[in-house]
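Each chain, written out:
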Amino acid sequence: MQRSPGVLAPCFLLGFVSLIGATSLQVNPVAAQSSWFKRPATQPAANGVRSAAVGGRTSVPYGWVDFCHRRPKECKVPALPATTVRLTAQKLSVLKRINQKANRSIKPVSNYDHWGTTMDHWDYPVDGKGDCKIYALYKRKLLLEAGFPRQALLMTVVRDLNNEGHTILTVKTDKGDLILDNLVDEIRPWNATGYYFLKRQSQQNPNIWVSLNQRGGTPKT
């Protein structure tokens, strides 16, 4: 696997409660009863990139709940219809630029060394340092500022190639699910990571999380 220079190895201190989940945030009950959570068949895209099949509603990671308590304006948002990014050459270039910018501008440091706690702490790189969650949140923020739709930018919890907890950003496109990862500068299809995908934000409401529970293919080397 290609690793970015100076980038921390897997986000091994991803809190256990973030893998298992914390008390769910309050959400629109109409949204919660939607058919979003029916498990669709995985559909192939024209270029062979596929979208991960989404399961039912699951627990919200503790780190996201805590992030929302500290930054409520980031999470008090309306439910919106699901959408994807039309993956033009220009938009792919933006994805690559932002992925590399975040990977190279944040100094890698473990959750415990950074915050002095084993409780999972999600935030922006306010001091230029962080672990996988900080990278992923920062990329999401930069892409939102670049005009990408919120519904296509999904925080995602996985097990990496060493079976350690890790957080990445999934970008939903018309060519399938693409992954922005602090361990790899290359933008990869989800099914070329080899990660075991556990859960991610729903497209309609970032405060609702849905299960994935599937292996992301064979890692592309």
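Everything below is about the structure shown above.
All figures in this text were calculated on a predicted structure; none of them were measured in a lab. (Residues numbered from 1 in each chain as written. Predicted model: local features only at pLDDT ≥ 70, side-chain atom pairs only at ≥ 80, totals over all residues. Heavy atoms only, no water.)

## Here we look at the state of the cysteines
Turning to step 1, where the next piece is worked out: The final tally for this structure, using the stated rule, is one disulfide.
Turning to step 2, where the next piece is worked out: The disulfide partner of Cys68 is Cys75, and the gap between their sulfur atoms is 2.0 Å. Measuring the twist about the S-S bond at about -80 degrees, one finds the Cys68-Cys75 disulfide to be left-handed. Both residues of the pair, Cys68 and Cys75, belong to the buried class. (Disulfide = S-S within 2.5 Å. Buried < 20%, exposed > 50% of the residue type's maximum accessible area, 1.4 Å probe, protein only.)

## Topic: helix H5 (residues 89-105)
Turning to step 1, where the next piece is worked out: With 17 residues, H5 extends 24 Å between its outermost C-alpha atoms, agreeing within 8% with the 24 Å of an ideal straight helix rising 1.5 Å per residue.
Turning to step 2, where the next piece is worked out: Residues of H5 that are buried: Val94, Leu95, Ile98, Asn99, Ala102 and Asn103. The buried residues of H5 occupy one face: seen down the axis, they fall within an arc of 155 degrees. H5 presents Ala89, Gln90, Arg97 and Arg104 as exposed residues on the side facing more than 90 degrees away from its buried surface.
Turning to step 3, where the next piece is worked out: Buried-residue contacts for H5 involve helix H7 (132-145), strand S5 (165-173), strand S6 (176-181) and strand S7 (184-189). (Helix = DSSP H or I, 4+ residues; strand = E, 2+ residues; numbered from the N terminus. Expected span 1.5 Å × (residues − 1). Arc of directions from axis to C-beta. Contact = heavy atoms within 4.5 Å.)

## What about the pattern of salt bridges?
Turning to step 1, where the next piece is worked out: For the structure on display, the rule yields 11 salt bridges.
Turning to step 2, where the next piece is worked out: Two residues, Lys141 and Glu145, come together in a salt bridge whose shortest N-O distance is 2.7 Å. With Lys141 and Glu145 both in helix H7, this residue pair falls four residues apart, about one helical turn.
Turning to step 3, where the next piece is worked out: Judged by relative accessible area, Lys141 falls into the partly exposed class, the value being 28%.
Turning to step 4, where the next piece is worked out: Residue class for Glu145 comes out exposed when judged on its relative accessible area of 54%. (Salt bridge = Lys/Arg side-chain N within 4 Å of Asp/Glu carboxyl O.)

## Considerations on the sheet that holds S5
Turning to step 1, where the next piece is worked out: Spatially, the seven strands line up as an open sheet ordered S1-S9-S8-S4-S5-S6-S7, and their pairing is antiparallel. Strands with a single pairing partner mark the edges of an open sheet, and in this sheet they are strand S1 (57-58) and S7.
Turning to step 2, where the next piece is worked out: Sheet analysis places strand S4 (residues 153-159) next to strand S8 (residues 192-201), joined by four bridges and oriented antiparallel. Each residue of the ladder has a partner; that of Val158, found in S8, is Phe197.
Turning to step 3, where the next piece is worked out: Most of the contacts of H5 go to S7, to which it runs at about 140 degrees, and overall it touches S5, S6 and S7.
Turning to step 4, where the next piece is worked out: This element, H7, spans S4, S5, S6 and S8 of the sheet and lies at about 20 degrees to S5. (Pairing = 2+ DSSP bridges. Axes fitted to C-alpha atoms, helices over the stretch in contact; angles between N-to-C directions.)

## Re the environment of Thr156
Turning to step 1, where the next piece is worked out: You can see Thr156 is positioned in strand S4.
Turning to step 2, where the next piece is worked out: On a C-alpha basis, the gap between Thr156 and His166 in space is 8.5 Å, while along the polypeptide they are 10 residues apart.
Turning to step 3, where the next piece is worked out: If we skip the residues at most four places from it in the chain, Thr156 touches His166, Thr167, Ile168, Thr170, Phe197, Lys199, Arg200 and Leu212.
Turning to step 4, where the next piece is worked out: Polar contacts involving the side chain of Thr156 include one to the main-chain carbonyl oxygen of Leu154, which spans 3.0 Å.
Turning to step 5, where the next piece is worked out: Here the side chain of Thr156 touches Thr170 through a polar contact of 2.8 Å, side chain to side chain. (Polar contact = N/O pair within 3.5 Å; in protein donor to acceptor, adjacent residues only side chain to side chain.)

## Notes on unusual backbone geometry
Turning to step 1, where the next piece is worked out: Of note in this structure, Asn163 is not a glycine but carries a positive phi near 65 degrees.
Turning to step 2, where the next piece is worked out: Relative to the helices and strands, Asn163 is located in the loop between S4 and S5.
Turning to step 3, where the next piece is worked out: Judged by its relative accessible area of 51%, Asn163 is exposed.
Turning to step 4, where the next piece is worked out: With phi around 50 degrees, Asn213 is a residue other than glycine that occupies positive phi space.
Turning to step 5, where the next piece is worked out: With respect to the element layout, Asn213 can be found in strand S9 (residues 209-217).
Turning to step 6, where the next piece is worked out: When its relative accessible area of 45% is taken as the criterion, Asn213 is described as partly exposed.

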